[in-house]
Structure formats: structure tokens, C-alpha cells
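Remarks on the overall topology
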Amino acid sequence: QGVSATDRMDLVQQKATELGVARIRPIVTARSIVRLSQERQERRATHWQNVVIAACEQCGRNVVPAVDPLAGLRDYLGEARAPGTRIVLSPLGAATLRTLDLQAPLTILIGPEGGLAEEERELARLAGFVPVRFGPRILRTETAPLAAIAALQALHGDC
């Protein structure tokens, strides 16, 4: 998830946890508005982990998703060579959630406010992320991951 304003990041982490994600990785991109010093990154990481724990308690989930340390997009893409299906939501994507041949685990890359820059979308594609069009509308950074997770669960079950 591209780092966005605090309340948006909290909402995404809370609801994604309720929807069953296994891991959340905050990513700094070219269009990320929020820039955190090392000290603030550590405080944010603790805060985000607490948001996820509270969401687990609320929804009765007994497995707490990992909240990975903040990373730059290039660093993250260098690490994101895990097996499974990797998608990046893009209004220019040829594939749709319905046409995907999913292999677990599923990784979804979401941009911050303003989305991923064109160069970043290309870097993601070169790293094996499939550009996926989610529909006729461009969704906000806090809406896109939740809608995508819910749609993927409806179409394919828990991935």
C-alpha cells in the first residue's frame, strides 16, 4: 500500500485486516505525500501494528497480519519475487480481476494518493506485477485495496 495520510492508512490497515489479509507493506512512492523521518517511521510502525491488533480483536480474528517496515518502491520490488500472483491496480491494465488465473499467495500493489507514476507502474510490471483494471472508475487509495480484496474474495475465495 502506497503510504497516504494517517487516517487513510489506518482505515486501509483496519479494514484489510478484517477482510483477511496476511501481510501489509507500507510503500513510499514518487507521489507519496507523507514523508517520515526514521523516528516517525518507528512510531508509525508501532501505531500501525496496534491498529491491526485492534482490528483482529474487533472481528474475532486470531492471526495478526504482519505489518512490514516501510520501504521504498524500488526496494520493495526487488524483494517481491515471491511465488504466486502479483497484481498492480491500473486504469490502463488489460486484465481484470475476473480474468486472472490466480496462484496463491496473492500480492496487490496499490498506489498512494495520485496513484503510481508511469515509471513506477512499468517497474512493477517488469518485476512481475500484472496490471489489472478494476473497472470504469479510478478509486481512492483507501477504497481501491478494500474493494479489490472484497471482489477477489467474492470471485475466488480467500487467496
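Residues numbered from 1 in each chain as written. Predicted model: local features only at pLDDT ≥ 70, side-chain atom pairs only at ≥ 80, totals over all residues. Heavy atoms only, no water.

A separate point is the packing of helix H1 (residues 6–19) against helix H2 (residues 38–59). In the contact formed by H1 and H2, the axes pass within 8 Å of each other and the chain directions differ by 40 degrees. Comparing the axis directions of H1 and H2 gives the class oblique. Of the two elements, H1 crosses H2, and the hand of that crossing is right-handed. For the pair H1 and H2, contact is made by Thr-6, Met-9, Asp-10, Gln-13, Gln-14, Thr-17 and Glu-18 and by Arg-44, His-47, Trp-48, Val-51, Val-52, Ala-55, Cys-56, Gln-58 and Cys-59, respectively. Of the residues that constitute the contact of H1 with H2, the class distribution is seven nonpolar, six polar and three charged. (Axes fitted to C-alpha atoms, helices over the stretch in contact; angles between N-to-C directions. Helix = DSSP H or I, 4+ residues; strand = E, 2+ residues; numbered from the N terminus. Parallel < 35°, antiparallel > 145°, perpendicular 65-115°, else oblique. Left-handed = near helix turned anticlockwise from the far one by under 90°. Contact = heavy atoms within 4.5 Å. Nonpolar A, V, L, I, M, F, W, Y, C, P; charged D, E, K, R; others polar.)

Before going further, it helps to examine the pattern of salt bridges. Inspection of the entire model under this criterion finds seven salt bridges. One salt bridge connects Arg-74 with Glu-119, and the closest N-O pair in it is separated by 2.5 Å. Taken together, the residues span a long stretch of sequence, with Arg-74 in helix H3 (residues 73–79) and Glu-119 in helix H4 (residues 118–126) at a distance of 45 residues. If you follow the salt bridges from partner to partner, you end up with Arg-8, Glu-113, Arg-140 and Glu-142 in one network. (Salt bridge = Lys/Arg side-chain N within 4 Å of Asp/Glu carboxyl O.)

Within the secondary structure, Leu-70 is located in the loop between strand S3 (66–67) and strand S4 (71–72). Sequence-wise, Leu-70 and Glu-122 are 52 residues apart; in three dimensions their C-alpha atoms are separated by 21 Å. In contact with Leu-70, other than residues within four places in its own chain, are Val-3, Arg-25, Pro-26, Ile-27, Val-28, Leu-36 and Gln-41.

Reading across the sheet, the four strands line up as S6-S8-S5-S7 and stay open at both edges, with parallel pairing between neighbours. One side of each edge strand has no neighbouring strand; the edge strands of this open sheet are strand S6 (95–96) and strand S7 (106–109). With four bridges joining them, strand S5 (residues 85–89) and S7 adopt parallel strand pairing. Each bridged residue has a counterpart across the sheet, and for Ile-87 the counterpart in S7 is Ile-108. Against the sheet, helix H5 (residues 144–156) touches S5 and S7, its axis set at about 155 degrees to S7. (Pairing = 2+ DSSP bridges.)

Time to look at the packing of aromatic side chains. Following the criterion strictly, the structure yields one aromatic pair and no others. Taking 6.2 Å as the distance between ring centres and 55 degrees as the angle between the ring planes, the aromatic pair formed by Tyr-76 and Phe-129 counts as tilted. Of this pair, Tyr-76 sits in helix H3 while Phe-129 sits in the loop between H4 and strand S8 (130–133), placing them 53 residues apart in sequence. You can call Phe-129 buried: its relative accessible area is 1%. Of note, Arg-86 hangs over the ring of Phe-129, and the distance from its end group to the ring centre comes to 5.9 Å. (Phe/Tyr/Trp six-rings, centres within 6.5 Å; stacked < 30°, edge-to-face > 60°. Buried < 20%, exposed > 50% of the residue type's maximum accessible area, 1.4 Å probe, protein only. Lys NZ or Arg CZ within 6 Å of the ring centre and 35° of its normal.)

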